[in-house]
Amino acid sequence: MGKKILILNGSPRKTGNTVALTAEFKKGAEEAGNVVTEFFLAGMNINGCKGCFCGGKNPDSPCVQKDDMDKIYPVYREADIIVLATPLYYWTISGQLKTAFDRLFAVAECDPNYRNPKKESVLIMAAEGYGFEETLYWYDRLEKHLGWKSIGKALCGGVMAAGDIAGRPELQEAYHLGKSIYA
């Protein structure tokens, strides 16, 4: 059986360029025999982290806030690979993705030493420009601090309007990245 892959899609546009990249990644990953679950965060009710340090008491619903994160937590815990998919907003990830990712801390609170579950990860990103440096810096540090291992990135600059990505080679790159994931 393939790996379990969770896509946290922080794009607010269901037909945007980030979604096109993610769709190609997902297609390749599923063709390789993996199970992919994707959450479109913009359409979900997810509150910001309160920094209360009161989570972790119930592994099935680790945060004290009860919202749509309760749909994500069980998939996150079981996933082998986490895909962070986002457009580039002010040289970093979207607010939708940041809010959901911050709330994953409640899972770390289930461990007495606040350790995050070990995962592999992928970064998928589309942008109007080509200034990915700050996000890549953040992503690389995130991986290091969480003890995760990045298995690839699919980045496409020069796309702003929905559909600008059509015909771009980065779509094939995203597909091949997904296809390269084997159990």
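Parameters at a glance
- Chains are numbered independently. Their residues run from 1 in the order of the written sequence.
- For a predicted model such as this one, the threshold for reporting local features is a pLDDT of at least 70, and the threshold for listing and counting side-chain atom pairs is 80 or more; totals across whole chains, interfaces and linings nevertheless cover every residue.
- Side-chain metrics in this entry use all non-hydrogen atoms of the structure; hydrogen atoms and water are not considered.
- Put simply, DSSP H or I for four residues or longer makes a helix, DSSP E for two residues or longer makes a strand, and each gets a number counted from the N terminus.
- Radius of gyration here uses only the C-alpha atoms, and the compact-globule reference equals 2.2 Å multiplied by the residue count raised to the power 0.38.
- Per-residue accessibility, obtained with a 1.4 Å probe over protein chains only, is compared with the maximum for each type, and a residue is labelled buried under 20%, exposed over 50%, and partly exposed between these values.
- Only heavy atoms enter the contact rule, under which two residues are in contact if any of them lie within 4.5 Å.
- All accessible areas in this document rest on Shrake-Rupley with a 1.4 Å probe, and a residue is counted as covered only by the protein chains that are shown.
- For the purpose of charge, His is not counted, nor are the chain termini; Lys and Arg are scored as positive and Asp and Glu as negative.
- In this description, the location of a charge corresponds to atom NZ of lysine, CZ of arginine, CG of aspartate or CD of glutamate.
- Residue types Ala, Val, Leu, Ile, Met, Phe, Trp, Tyr and Cys, when buried and joined through side-chain atoms within 4.5 Å, form a set referred to as a nonpolar core.
- Throughout, the arc means that of the directions going from the helix axis to the C-beta atoms.
- The angle between two axes is taken between their N-to-C directions and runs from 0 to 180 degrees, where each axis is a line fitted to C-alpha atoms and a helix contributes only its stretch in contact.
- Take the far helix as your reference; a near helix turned counterclockwise from it by less than a right angle gives a left-handed crossing, and one turned clockwise gives a right-handed crossing.
- Note that Gly is not counted as nonpolar here; it falls among the polar residues with everything else outside the nonpolar set of Ala, Val, Leu, Ile, Met, Phe, Trp, Tyr, Cys and Pro and the charged set of Asp, Glu, Lys and Arg.
- Whether two strands pair depends on DSSP finding at least two bridges between them.
- Working definition: a ring pair exists when centres of Phe, Tyr or Trp rings (six-membered ring for Trp) sit within 6.5 Å. Plane angles under 30 degrees give stacked, over 60 give edge-to-face, the rest tilted.

J.: Explain the overall build of the protein to me, and be specific about the residues and the numbers.
T.: When you go through the protein residue by residue, the secondary structure sums to six helices and five strands. Listing the helices and strands of the protein from first to last along the sequence gives β-α-β-α-β-α-α-β-α-β-α. Taken over the C-alpha trace, the protein has a radius of gyration of 16 Å; the compact-globule value for 183 residues is 16 Å, and the two agree within 12%. Relative to its 183 residues, the protein shows a buried fraction of 49%. Considering only intrachain contacts with a sequence separation of at least 6, the fraction spanning at least 24 residues in the protein is 78%. Here the protein displays about 8800 Å² of accessible surface, and carbon together with sulfur accounts for 54% of that area. If the 22 positive side-chain charges of the protein are averaged to one point and the 22 negative ones to another, these points end up 4 Å apart.

J.: Just give me the short version of the nonpolar core, but keep the residues and values in it.
T.: If you look at the biggest cluster of nonpolar residues, it comprises 30 residues, and the most contacted ones within it are Leu8, Leu41, Ile72 and Leu84. Elements that contribute at least two residues to this core include exactly strand S1 (4–9), helix H2 (69–78), strand S3 (81–87), helix H3 (95–103), helix H4 (105–108), strand S4 (120–126) and helix H5 (133–146). Counting residues per element, this core draws most heavily on H2, at four residues. Look past the residues within four positions of Leu41 in its chain and what remains in contact with it is Leu8, Asn9, Gly10, Ile46, Ile72, Gln96, Leu97 and Ala100. Counting 20 residues, the second-largest nonpolar core is a separate cluster that includes Ile7, Leu21, Ala174 and Ile181.

J.: Before we move on, could you go through helix H6 (residues 169–179) and cite the residues and values that matter?
T.: Every α-helical turn comprises 3.6 residues, leaving residues that sit three or four positions apart pointing alike. Listing the buried residues of H6 in full gives Glu170, Leu171, Ala174, Tyr175, Leu177 and Gly178. Mapping the buried residues of H6 onto a view down its axis gives an arc of 160 degrees, with all of them on the same face. In this structure, the buried side of H6 is in contact with helix H1 (17–31), S4 and strand S5 (149–156).

J.: Go over the packing of H1 against H6 with me, naming the residues and quoting the values.
T.: Remark: H1 packs on H6, axes separated minimally by 6 Å, with the N-to-C direction vectors making an angle of 35 degrees. Crossing geometry of H1 relative to H6 is assigned as right-handed. Every residue of H6 that contacts H1 at Ala20, Leu21, Glu24, Phe25, Lys27, Gly28, Ala29 and Glu31 is listed here: Glu170, Leu171, Ala174, Tyr175, Leu177, Gly178 and Lys179. Its residues placed into classes, the contact of H1 with H6 shows eight nonpolar, two polar and five charged.

J.: Hey, could you go over the side chain of Asn17 for me, with residue numbers and the actual values?
T.: Tracing the sequence through the fold places Asn17 in helix H1. For Asn17, a relative accessible area of 3% gives the class buried. Leave out the neighbours within four places in its chain, and Asn17 touches Ala126, Val159, Met160, Ala161, Ala162, Gly163, Asp164 and Ile165.

J.: Explain the sheet that holds S4 residue by residue, including any values.
T.: Taken in spatial order, the five strands make up an open sheet running S2-S1-S3-S4-S5, and their pairing is parallel. Among the strands making up the open sheet, the edge pair consists of strand S2 (35–40) and S5. The sheet shows a mean angle of 15 degrees between the axes of neighbouring strands, taken without regard to direction. Across the face of the sheet, H5 comes into contact with S3, S4 and S5 while running at roughly 165 degrees to S5.

J.: I'd like a rundown of the packing of aromatic side chains, residues and numbers included.
T.: Under the definition given, this model contains six aromatic pairs. Here Phe53 and Tyr114 contribute two aromatic rings whose centre-to-centre distance is 6.4 Å and whose plane-to-plane angle is 90 degrees, an arrangement assigned as edge-to-face. Of this pair, Phe53 sits in the loop between S2 and H2 while Tyr114 sits in the loop between H4 and S4, and the two are 61 residues apart along the sequence. Look at Tyr76 and Trp148: their rings are 6.5 Å apart centre to centre, the planes differ by 40 degrees, and that puts the pair in the tilted class.

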